[in-house]
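Structural overview
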Amino acid sequence: QQQQHQQLSKNKQKARATKGNNDVPYSHPLLVNTLKGHTGEILSIDVSPNTRYLASSSDDRTIRVWFLKDVKEKNLKHLRTNVDYDHCTLVKFTPDSKALVTCLYEENRLRVYRIGKKNDGAPVSLTQSDDFPKHHSATIITLDISPTGKFIMSQSNDTKIILWSIKGHLLADIDTSQLKNSFAAISACGRFISSSGFTSDVKIWEVKFQKRTGDFDGVKPVMKLTGHTGSIRSFSFSQDSSRVVTVSKDMTWKVYNIAVEYDKDQDAKLILTGTYVKKGKPDEVKVATDRNAMAIAVATHGDIQLYSGHDSSLVETMREAHTTRITRMMFDQDSKYLFSAADSRIHIFYNRVGYVATIENLVSKIPTCKNSGIKERMKDQISEAKQVLKSMKPVVTKSTK
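Let me sum up the structure you'll find in this document. All chains use their own residue numbering, which begins from 1 and follows the written sequence. At least 70 in pLDDT is required for a residue's local features to be given in this predicted model, at least 80 for side-chain atom pairs to be given and counted, and no such filter applies to totals for whole chains, interfaces and linings, which use all residues. Values shown for side chains rest on all heavy atoms present in the structure; no hydrogens or waters enter the calculation.

1. Brief notes about the overall build of the protein
Numbering goes from the N terminus for both helices and strands, where a helix is a DSSP run of H or I of at least four residues and a strand is a run of E of at least two. From N to C terminus, the protein includes four helices and 28 strands. Taken over the C-alpha atoms alone, the protein extends approximately 60 × 55 × 50 Å along its principal axes. Out of the 401 residues in the protein, the part that is buried amounts to 55%. Residues count as neighbours in contact if any of their non-hydrogen atoms are within 4.5 Å of one another. In the protein, the proportion of contacts linking residues at least 24 apart, taken out of those at least 6 apart, comes to 48%. The average position of the 60 basic charges and that of the 43 acidic charges among the side chains of the protein differ by 3 Å. Relative accessibility under 20% of the residue-type maximum defines a buried residue, over 50% an exposed one, and the middle range a partly exposed one, all with a 1.4 Å probe and only protein chains included. Charged-residue counts in this description rest on Lys and Arg as positive and Asp and Glu as negative, His and the chain ends being excluded. Each charge is placed at NZ for Lys, CZ for Arg, CG for Asp and CD for Glu.

2. Brief notes about the sheet that holds strand β22 (residues 286-289)
Remark on secondary structure: sheet strands pair via backbone hydrogen bonds, oriented parallel or antiparallel. We treat two strands as partners when DSSP finds at least two bridges between them. Pairing is antiparallel in the open sheet, where four strands are placed in the order β22-β23-β24-β25. Since the sheet does not close on itself, it has two edges, and those belong to β22 and β25 (314-318), each with one partner. The mean angle between the axes of side-by-side strands here comes to 20°, regardless of whether they run parallel or antiparallel. Pairing analysis gives four bridges linking strand β24 (residues 303-308) to β25, with the strands arranged antiparallel. What sits directly across from Y307, in β25, is L314. In this analysis an axis means a line fitted to C-alpha atoms, helices contributing only their contacting stretch, and an angle means the value between N-to-C directions, from 0 to 180 degrees. This element, helix α3 (residues 352-365), spans β23 (295-300), β24 and β25 of the sheet and lies at about 15° to β24.

3. Topic: the packing of α3 against helix α4 (residues 372-390)
Running from amino to carboxyl end, α3 crosses α4 at an angle of 155°, the nearest separation of the two axes being 9 Å. With respect to α4, the axis of α3 lies roughly antiparallel. Every pair of crossing elements has a handedness; the one defined by α3 and α4 is left-handed. Of α4, the residues touching α3 (which contributes R352, Y355, V356, I359, L362, V363 and K365) are M378, Q381, I382, A385, K386, V388 and L389. Residue composition of the contact of α3 with α4, by class: ten nonpolar, one polar and three charged. In what follows, roughly perpendicular refers to angles from 65 to 115 degrees, roughly parallel to angles under 35, roughly antiparallel to angles over 145, and oblique to any angle outside these ranges. Two helices crossing with the near one rotated counterclockwise from the far one by less than a right angle form a left-handed crossing, whereas a clockwise rotation gives a right-handed crossing. Residues are grouped as follows: nonpolar covers Ala, Val, Leu, Ile, Met, Phe, Trp, Tyr, Cys and Pro; charged covers Asp, Glu, Lys and Arg; every other residue, Gly included, is treated as polar.

4. Let's talk about the state of the cysteines
We call a pair of cysteine sulfur atoms a disulfide when they lie within 2.5 Å. Tallied over the entire structure, the rule returns zero disulfides. This cysteine, C88, is not joined by any disulfide, and C103 carries the nearest cysteine sulfur, 7.7 Å off.

5. Description of the pairing of β23
Judged by how many residues are buried, β23 sits mostly within the fold: six of six residues are covered. The pairing of β22 with β23 spans four bridges and is classified as antiparallel. When the sheet's bridge partners are listed, K286 is paired in β23 with A299. The hairpin turn running from β22 into β23, its antiparallel successor, is five residues long, and A293 in that turn takes a positive phi close to 55°. Connecting β23 to the antiparallel partner β24 that follows it, the hairpin turn spans two residues, and H301 within it adopts a positive phi of roughly 55°.

6. Describing unusual backbone geometry
One can expect most non-glycine residues to show negative phi and most peptide bonds to be in trans. Look at Y85: it is not a glycine, yet its phi comes out positive at around 60°. Mapped onto the fold, Y85 is located in the loop between β5 (78-82) and β6 (88-93). Classification of Y85 by relative accessible area gives exposed; the value is 75%. Positive phi is not limited to glycine here, since D343 has a value of about 40°. Relative to the helices and strands, D343 is located in the loop between β27 (337-342) and β28 (345-350).

7. Section: the packing of aromatic side chains
The criterion for an aromatic pair is that two Phe, Tyr or Trp rings (for Trp, the six-membered ring) have centres within 6.5 Å, with stacked assigned to planes under 30 degrees apart, edge-to-face to planes over 60 apart and tilted to the rest. Using the criterion set out here, one finds ten aromatic pairs in the structure. Relative to Y262, the ring of F192 lies with its centre 5.8 Å away and its plane at 80°, an arrangement referred to as edge-to-face. Note that F192 is positioned in strand β15 (residues 192-197) and Y262 in the loop between β20 (252-257) and β21 (269-275), a separation of 70 residues in sequence. Residue classification places Y262 among the buried positions, given a relative accessible area of 11%. Here Y337 and Y350 contribute two aromatic rings whose centre-to-centre distance is 5.9 Å and whose plane-to-plane angle is 25°, an arrangement assigned as stacked. With Y337 in strand β27 and Y350 in strand β28, this pair connects stretches of sequence that are 13 residues apart. Residue classification places Y350 among the buried residues on the basis of a relative accessible area of 3%. An aromatic cluster of three or more residues is present, and its members are F151, F209 and F216.

Following this line, the structure appears as structure tokens:
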């Protein structure tokens, strides 16, 4: 806790030092909007599963829920609630988008907030609900919720991962044996949990539930993602859970195919490797991928680098998108937008890179496809991607740096 207090104090000093810079509007051809309202450093964001809302938490002791009905609107409407005597370092929507699970900094425990809504579904209030029991002795650094709604995962910066029932009952206490955890995530299918740490691999476990009763039935290690030469700081699942994108201190990012028969001892397959441009501390690097792993976003301090998941090329760079280190970055469920948070602002960018890479990937596969039905589906997907691109601003010239 003491180390995190010291880091938080440093972040606040940086935020005050860069307050003037925050008043200068950021501009980029892919920028859709910038959300302002927080007065402290934004520590976490999450897009709701129904893509209607964006939640954010900050060390200004507030949680906000932004309405994404029209992301281009200059001043997006939002709800705000204060966190008494504490602040939330992590925030995550439940699968039904009706509640938020958060992590309290001082208490080092999870707390649930209910979202009150009108008859038309519009949120009107955030109300504190339940606090989970305290089980982590080290600082909680990651929070995720299974899309199936069956369990919640919290990870601390020692070697512990805890699985909870949706009502806050302890399901499992897992030792990752990774010396010091750095990140964890649940796959989009809700079947796998995964963790990275000081070691150069990602460990993946299968979470089992009984088919007849639905009761929790244990956790089983199923595979490791290997190939990096430095510790992995962040990773991201594709929406169909067949791909995992990792980023390491070794200056590379990698894409793995995990759609393998692991019960027959098949290993995950490395299918793509790229090199990112270093900026800031190696521990600060983060990665996010869209639903098809066609856009790879790498955050280095306040910069965002966008790579093609088709050929690993660097397509776009948002230089100094933020004045301090980026704390969270993610794509929405539809993969139309990329969200980034740092300092006191949230940027929303078009995911033009992902749609262009998707078209390139499909076009390259059509000539060798012998199934007429699959070929027609590919053509339809190309047409759909082109329609989405028409609604986006023109992208700037491809970067060579």
